[in-house]
Amino acid sequence: MKQPVIAPSETSRDTDLPPVFEANLPSRHLQSRLWRAVFRGSTLVGIVFLSLLLYNIANQSFGYVAIGNQINPASLAANGVNLQELDQQTLIEILTANISSGLLRQLEREGPLTKYSRDEVYNLVVEKVVRPEVVQTWTLIDSLFHAAEIRAQAAQEDPQAELHFRSWVTPRLLSVPQSSNPLMAGVRTALLGSLWTTAITVLVAFPVGVGAAIYLEEYSVQNWLTRLIQTNINNLAGVPSIIYGMLGLAIFVRSLEPITSGAAFGFSDPTTSNGRTILSAGLTLGLLVLPLIIINAQQAIRAVPASLRHASYGVGATKWETVWHHVLPCAMPGVLTGTILAISRAIGETAPLVVVGVATYITFDPSGPFSKFTTLPIQIYQWTSRPQAEFRNLAAAAILTLLGLLLGLNALAIVLRNHFRRAGGNL
Amino acid sequence: MIQIATQGLSRHDLARQDLTSFAVETRDLNIYYGSFRAVKNINLNIELQKVTAIIGPSGCGKSTVLRAFNRMNELVPTARTEGTVRFMSQDIYAPDVDPVEVRRRIGMVFQKPNPFSKSIYENVAWGAGLNGFKEGLGRPTMDEWVEKCLHKAALWDEVKDKLNQSGLSLSGGQQQRLCIARAIAIRPEIILMDEPASALDPIATLKIEELMRGLAKEYTIIVVTHNMQQAARVSDYTAFFTMDNDRAGILVEYGPTNQIFTNPKDPRTESYITGRFG
């Protein structure tokens, strides 16, 4: 009779003995160190790319510039007085003598030249008569490490041109509008456009989003309809922004044109005969960030402990009193975090604005929600697509402005959030 | 239930005119969470101005029954209540009864101290102000009332110099007494206490128990507790709950605390209070 085959270990099993534990701690520690290295590596990759971005922008924003003048300012000096020191009267004479009659008529249409201040006239002379132009630009790295070679090269190629170390980010950049001359151009129009649009976006999306979140979390009954709505909100947060642009074009620019162009309110801007206004753009971006705000506010409201709600109901508070006095103050830091994310998204959006019909070249400030506008990302895009190298310097400077604006708005929201967090409610 | 106390006549006076001498009566009370029946056929009469303790093992539906007395279960979306709960002979689940008004007249203290993230003063004053507290008419001002409630909750001496500090800055035991002050500030007729001392240390627990005895002179108190000694110390009546074979809570025995602890009629009660199970 054959014995059934039993593995030797099976035969020697004694279940009464305590189990043996293998000494595996070194290998477990090794594994843990390995993962730490991986995570550190991914952080490093992120830092490297971020540094590269900043390096790139800084490299373009500062550096040597060779500027050539159409007319040498020295030749304009009258009676041995430098152009910079001439009085207004002489400057006006120089101006009228050196510009075309067409340009002069255009200038005088806005009022007699004597109406301008002396500095304004001087700027006009520089802009229209001296007409400085960028001959060549160099990057920051070249300017720092090869300054001598740059000077030699500039002197050789264009002895007339002046070589300056120029920061493209200047207070002037923020205060002057767009221009076809990169030395004169600024982002004032775009900056104001961005601020206006963001303001409208927040004004629309914040109350609507928080209101919807309160309804969905506190009031709605859980059924298939609310689940459907919830799923759709989650999906909408991931819809490509260009789709929102199409939506904005169809609804705000076309269908609601009387409202978005301001015509319904008796407001008519001769330059905008349609709904391609700040209001349309703000509403479109508002739709775009609405799901983000709703989802974040919902999560914040859900995180409010049930004990707080019970405490409020327990002293005979109604639902609204509970929400207003306890749930919302407690959820506010989370709600504001969501709003920070939404603002950041809205301020950097480009694609939907292109569809909604943002102006790319515009030199006057937006005067209200019904005016034509451009925004910083559009301005940056427009400058980077120009063939001249100096516009890329300008674009880099505008990027720094955009980053600064983003940082400023986020800082504001963070200050607000910390205020609510410290208060721990409405104490 | 709906009628508002007439001027000059307190609600306690009204209550005394009621036909019944019970604060709360339940008839065939069944509470479901979804399809699960959490408590089964509870018939219980709670005496006025006495302390009634509800004891029993974990999961036997003590807290569920307690929360049915002020319609707190409605905050759980799946909860469903069958049968009648009468407060001063009025059915609080009748369609024309406002749950907010029920909770205003039947206050509650919770297991975990849960003061509002407001100042100590506001914690007490908020509920009262919300429910139409009126100054003047020869009655206390809000400041006086807050002081009185904090006195009754044996907290005044500890917080009188820091009324503007957050209620959350207090210790756990103080927070729970603040919650009691908050509950009595709206002048309820009944105070429900859901294991009010289970999150506290023995000294804080003792203070809460003393407080309960003191408050019993003015209020009907119903307290759920895990702690049998606590039930024996503070209560006049005790209800013993347990689970049946469907894991639904049932009322086994109800009577004066002395009798329940010294001479229980039901063997299940006896084995529980002598510590043989639960």
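Residues numbered from 1 in each chain as written. Chains lettered and ligands numbered in written order. Predicted model: local features only at pLDDT ≥ 70, side-chain atom pairs only at ≥ 80, totals over all residues.

### Notes on the overall build of chain B
So, step 1. The number of helices and strands found in chain B is eleven helices and ten strands.
So, step 2. Here chain B has a C-alpha radius of gyration of 19 Å; the compact-globule value for 278 residues is 19 Å, and the two agree.
So, step 3. Projected onto the principal axes, the alpha-carbon positions of chain B cover approximately 55 × 45 × 35 Å.
So, step 4. Buried positions account for 45% of the 278 residues belonging to chain B.
So, step 5. Sequence separation of 24 or more characterises 69% of the internal contacts of chain B that already satisfy a separation of 6 or more. (Helix = DSSP H or I, 4+ residues; strand = E, 2+ residues; numbered from the N terminus. Rg over C-alpha atoms; globule rule 2.2 N^0.38 Å. Buried ≥ 20, exposed ≤ 12 C-beta atoms within 10 Å, placed from the backbone. Contact = placed C-beta atoms within 7 Å.)

### Points about the overall build of chain A
So, step 1. Of the regular secondary structure elements, chain A holds 19 helices and three strands.
So, step 2. A compact globule built from 427 residues should have a C-alpha radius of gyration of about 22 Å, whereas chain A, at 32 Å, is more than 25% larger.
So, step 3. Principal axes of the C-alpha set define a box for chain A whose edges measure 125 × 60 × 50 Å.
So, step 4. Counting all 427 residues of chain A, 34% fall into the buried class.
So, step 5. By sequence separation, contacts in chain A at least 24 residues apart represent 77% of the contacts at least 6 residues apart.

### Thoughts on the packing of helix H14 (residues 278-302) of chain A against helix H16 (residues 319-348) of chain A
Residue and element names in this part refer to chain A.
So, step 1. Their axes nearest at 8 Å, the elements H14 and H16 cross at an angle of 150 degrees. By the angle between their directions, the pair H14 and H16 is classed as roughly antiparallel. As H14 runs across H16, the sense of the crossing is right-handed. Contacts between H14 and H16 involve Leu285, Leu288, Val289, Leu292, Ile293, Asn296, Ala297, Gln299, Ala300 and Ile301 from the first element and Val327, Ala331, Gly334, Val335, Thr337, Gly338, Thr339, Leu341, Ala342, Arg345 and Ala346 from the second. (Axes fitted to C-alpha atoms, helices over the stretch in contact; angles between N-to-C directions. Parallel < 35°, antiparallel > 145°, perpendicular 65-115°, else oblique. Left-handed = near helix turned anticlockwise from the far one by under 90°.)

### Things to note about the domain arrangement of chain A
So, step 1. Under the domain assignment, chain A is made up of domain 1 (61-167) and domain 2 (188-423).
So, step 2. The distance between the C-alpha centroids of domain 1 of chain A and domain 2 of chain A comes to 42 Å. (Domains from an automatic or database assignment.)

### Concerning the confidence of the model for chain B
Residues and elements named next belong to chain B.
So, step 1. Here chain B averages 86 in pLDDT, while 92% of its residues score no lower than 70.
So, step 2. Note that pLDDT drops below 50 for residues 1-18; the model gives that stretch 17 contacts with residues more than four away or on any other chain.
So, step 3. With pTM at 0.80, the complex prediction returns an ipTM value of 0.87. (pLDDT = per-residue confidence, 0-100.)

### Regarding the sheet that holds strand S2 (residues 132-137) of chain A
Residue and element names in this part refer to chain A.
So, step 1. If you walk across this open sheet you meet the three strands as S2-S1-S3, and the pairing is antiparallel. Because the sheet does not close on itself, it has two edges, and the strands there are S2 and strand S3 (162-167). The mean angle between the axes of side-by-side strands here comes to 40 degrees, regardless of whether they run parallel or antiparallel.
So, step 2. Judged from the six bridges that link them, strand S1 (residues 62-69) and S3 form a sheet pairing that is antiparallel. For Gly63, the partnering residue across the bridge sits in S3 and is Arg166. (Pairing = 2+ DSSP bridges.)

### Some remarks on the interface of chain A and chain B
So, step 1. Taken together, the 17 residues of chain A in the interface contact 23 residues of chain B.
So, step 2. Among the secondary structure elements, those contributing two or more residues to the side of chain A that touches chain B are helix H15 (306-314) and H16 of chain A.
So, step 3. With six residues, H15 of chain A is the largest single contributor of residues to the side of chain A that touches chain B.
So, step 4. Broken down by class, the residue content of the side of chain A that touches chain B amounts to seven nonpolar, nine polar and one charged. (Nonpolar A, V, L, I, M, F, W, Y, C, P; charged D, E, K, R; others polar.)

### Some words on the packing of helix H4 (residues 120-130) of chain B against helix H5 (residues 142-152) of chain B
Residue and element names in this part refer to chain B.
So, step 1. The geometry of H4 relative to H5 is characterised by a closest axis approach of 10 Å and an angle of 110 degrees between their N-to-C directions. Taken as axis vectors, H4 and H5 run roughly perpendicular relative to one another. Once H4 is placed against H5, the crossing between them reads as right-handed. Of the residues in H5, those touching H4 at Tyr121, Val124, Ala125 and Ala128 are Met142, Trp145, Val146, Cys149 and Leu150.
So, step 2. Here the residues of the contact of H4 with H5 sort into nine nonpolar, no polar and no charged.

### Side note on the pairing of strand S8 (residues 220-224) of chain B
All names here are of chain B.
So, step 1. Among the five residues of S8, five are classified as buried, and the element is accordingly described as predominantly covered.
So, step 2. Burial of S8 is two-sided: the residues Thr220, Ile222 and Val224 facing one way and the residues Ile221 and Val223 facing the other way are all buried.
So, step 3. When strand S7 (residues 190-194) meets S8, the two strands line up parallel, connected through five bridges. Note on S8: the bridge partner recorded for Ile190 is Thr220.

### Quick notes on the nonpolar core
So, step 1. In this structure, Ala181 and Ile191 of chain B are the most contacted members of the largest nonpolar core, which totals 81 residues.
So, step 2. In terms of residues, this core owes the most to one element, helix H7 (residues 172-184) of chain B, which gives six residues.
So, step 3. Beyond its immediate stretch of four places on either side in the chain, Ile191 of chain B contacts Gly107, Val109, Ala183, Ile184, Leu215, Tyr219 and Ile221 of chain B.
So, step 4. Listed in part, the 70 residues of the second largest apolar core include Leu336, Ala359, Ala395 and Leu402 of chain A. (Core = buried A, V, L, I, M, F, W, Y, C linked by C-beta atoms within 7 Å.)

### A look at the environment of Gly249 of chain B
Residue and element names in this part refer to chain B.
So, step 1. Here Gly249 lies in strand S10 (residues 249-256).
So, step 2. Sequence separation between Gly249 and Pro57 is 192 residues, and the spatial gap between their C-alpha atoms is 9.7 Å.
So, step 3. Once residues within four sequence positions are removed from consideration, Gly249 is found in contact with Ala38, Val39, Lys40, Cys60, Gly61, Thr64, Phe241 and Met243.

### Some words on the environment of Phe373 of chain A
So, step 1. Here Phe373 of chain A shows up in the loop between helix H17 (351-356) and helix H18 (376-384).
So, step 2. Every residue in contact with Phe373 of chain A, bar those within four places of it in the chain, is listed here: Gly193, Trp196, Ile278, Ala281, Val358, Ala359 and Pro366 of chain A.

### A look at the environment of Ala311 of chain A
So, step 1. Here Ala311 of chain A lies in helix H15.
So, step 2. The class of Ala311 of chain A is buried, set by 26 C-beta atoms lying within 10 Å.
So, step 3. Along the chain, Ala311 of chain A and His326 of chain A lie 15 residues apart, while their C-alpha atoms are 9.6 Å from each other.
So, step 4. With residues near it in sequence (within four places) discarded, Ala311 of chain A still touches Phe110, Asn114 and Phe116 of chain B.

### Side note on unusual backbone geometry
If a residue is not glycine, its phi is most likely negative; likewise, a peptide bond is most likely trans.
Residue and element names in this part refer to chain B.
So, step 1. Residues other than glycine seldom take positive phi values, yet Met88 does so here, at roughly 50 degrees.
So, step 2. Summarising the element assignment, Met88 is placed in the loop between strand S4 (79-87) and strand S5 (90-91).
So, step 3. The residue Ala154 is not glycine, and still its phi comes out positive at about 55 degrees.
So, step 4. The topology assignment puts Ala154 in the loop between H5 and helix H6 (156-159).
So, step 5. On the basis of neighbour count, Ala154 is assigned to the partly exposed category, with 18 C-beta atoms found within 10 Å.

### Notes on the confidence of the model for chain A
So, step 1. Confidence along chain A averages 84 in pLDDT terms, with 93% of residues attaining 70 or more.
So, step 2. At the level of individual helices and strands, chain A shows its lowest average pLDDT in helix H1 (residues 8-11) of chain A, which scores 55, and its highest in helix H2 (residues 25-61) of chain A, which scores 95.

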